[in-house]
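Okay, here's what each chain looks like letter by letter:
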Amino acid sequence: MAPVQERSRCFNFSAGPAMLPDLVLDKIVGELGDYDGLGMSILEMGHRDAGGPVQEVLQEATDCVRHILGVPSNYAVIWQQGGAHGQFAAVPLNLLRDKTQADYVDTGVWSRRAMNEARKFCTVRVCAELREEGGRLEVPPVSEWNLSDESAYVHICGNDTISGVEFLEDLDLGDRLLVADFTSTLLSRPVNISRYAALYCSAGKNLGPAGVCLVVVRRDLLDFALPQTPMVLHWKAAAETSPIPSLANTPPVFSIFACGHVLKGLRRSFGDVGTLDNVKRRTQRRASAVYKIIDESNGFYINKVASAVRSQTTICFTFGRDATVQRQWTGSITDTVKPTDLEEVCFEAHCLDIAADLRGFMREAKQRRMNGLAGHPAFGGIRICLYNGLPDEAVDEVLRLLRDFAVAESGGLEKICNCKVITCLDTCSRSIKAIKEEHPTASPTRSCLEHNLRPMPVL
Ligand code: PMP
């Protein structure tokens, strides 16, 4: 297969599986057919061969995780299957001990998914949730969390990829056991591991391709798994296999092999010392460039997340004209963002071009070879994911698209109706009336006149 650089690559902004660096892909492809000149692929080799290639690959990836994250020796590092959803169940099974309840912070869909799974094993208390204050979405400070001494642990989602809300600092919960879903934030910044009882990260974003979940857990907590814990989710069973951990059953060799390459690539690109400090600097620089355009667009783009918890990796925003649209997600992972009935009507009426913004942006993105920018079906709008594998040129491209689109569209209607305001107003007022009749609960807010008077974004 031709090296990646020679093929025509598009820029993939998807929330996961996310883009892998070209060099990493080339290394994987290069080594896959014949591992280390042995005449066999790593995918054909046994994990029970003590000290053999598969164990070597596993050990090397684990060592890389320990090195990059600075995992203290009193923490086990294991690889399990079942993704983050597996760990949503593994957390209560391994950590409830003699308790029957746990505290969860609700910052979006992924927190709720974790809670739904935990409810199968214990009582779930929502100890804090995302709230809207002065038009901004924020997470209450820990001092306001309603924590219970009867709860076995406190669970947070490090970065909710759907609401775009992220914990940018490691919280200090004292003696309480803090557990974090780090699926979409691990490897974007340094982590003070000792603040956590356990953290887990399903691959598919910064860590590597999907198919495996990394778990880092304090060793003194390994002895408490409930008797009914399935072996594949049992942290101690994975931590204590010999001669190395994570051999409780056949490991997902390809995923771990690929994650190992991603981790080695990170050390190469960002330095062996302070790797994640350097990654963090790049992550912050890229995210703030995107937020700057959103914030200075005069409401053309809207992101309501307070700056203290604004996601640095998954930036979610809607179009200003989309502000009143409430979306419903069926919960199906195959769902895509579709224009709502209201948007369809508006689009047909050329009146409120809410749907036109979404469609127009996506059309333009496609022409510029950018993929994966559609927001999650539960949120709509656009989501720009800035995972580590995304090159800086892709970020420059998307910044250009954001600017060009806002500037072109803020005069959009003028283009459609050639600024015949009277005719346009007339059409619009009739259309709005029709829309209101058809959708009594909807509140279309913009007329052509408002549109034409709207200030141009300052970009
Ligand atoms: N948690 C977060 C924050 C996620 O973004 C995702 C997936 N996008 C998951 C959990 C679910 O991971 P998996 O599909 O591997 O179970």
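Residues numbered from 1 in each chain as written. Predicted model: local features only at pLDDT ≥ 70, side-chain atom pairs only at ≥ 80, totals over all residues. Heavy atoms only, no water.

The name given to the protein in an unreviewed UniProt entry is phosphoserine transaminase, with Durusdinium trenchii as the source organism. The heading Catalytic activity (unreviewed entry) in the UniProt record of the protein holds the text "O-phospho-L-serine + 2-oxoglutarate = 3-phosphooxypyruvate + L-glutamate". UniProt lists a comment for the protein under the heading Cofactor (unreviewed entry), and it reads "pyridoxal 5'-phosphate". (UniProt positions renumbered as here; feature names shortened; annotations may be inferred.)

Enquirer: So, the packing of aromatic side chains: which residues are in play, and what are the values?
Expert: Under the definition given, this model contains 13 aromatic pairs. Ring geometry for Phe88 and Tyr200: centres 6.2 Å apart, planes at 75 degrees, overall edge-to-face. One end of the pair, Phe88, is in helix 3 (residues 83-95); the other, Tyr200, is in strand 11 (residues 198-202), and 112 residues separate them in sequence. Accessibility expressed as a relative area gives 1% for Phe88, which makes it buried. (Phe/Tyr/Trp six-rings, centres within 6.5 Å; stacked < 30°, edge-to-face > 60°. Helix = DSSP H or I, 4+ residues; strand = E, 2+ residues; numbered from the N terminus. Buried < 20%, exposed > 50% of the residue type's maximum accessible area, 1.4 Å probe, protein only.)

Enquirer: Can you explain the pattern of salt bridges? Please cite residues and give values.
Expert: Summed over the entire model, instances satisfying the criterion amount to 21 salt bridges. Of the charged contacts, one joins Arg282 and Asp392 as a salt bridge, the two residues approaching to 3.9 Å between their closest N and O atoms. Taken together, the residues Arg282 in helix 7 (residues 275-295) and Asp392 in helix 10 (residues 392-409) connect sequence positions 110 residues apart. Between Asp392 and Arg285 there is a salt bridge whose closest N-O contact spans 3.7 Å. One end of the pair, Asp392, is in helix 10; the other, Arg285, is in helix 7, and 107 residues separate them in sequence. (Salt bridge = Lys/Arg side-chain N within 4 Å of Asp/Glu carboxyl O.)

Enquirer: Explain the packing of helix 7 against helix 10 to me, using residue names and the numbers behind them.
Expert: Contact pair helix 7 / helix 10: the axes reach a minimum separation of 10 Å and the direction vectors enclose 10 degrees. With respect to helix 10, the element helix 7 is oriented roughly parallel. The residues of helix 10 that touch helix 7, namely those facing Arg282, Arg285, Arg286, Ala289, Val290 and Ile293, are Asp392, Val395, Leu399, Leu402 and Arg403. When grouped by side-chain class, the residues that make up the contact of helix 7 with helix 10 number 6 nonpolar, no polar and 5 charged. (Axes fitted to C-alpha atoms, helices over the stretch in contact; angles between N-to-C directions. Parallel < 35°, antiparallel > 145°, perpendicular 65-115°, else oblique. Contact = heavy atoms within 4.5 Å. Nonpolar A, V, L, I, M, F, W, Y, C, P; charged D, E, K, R; others polar.)

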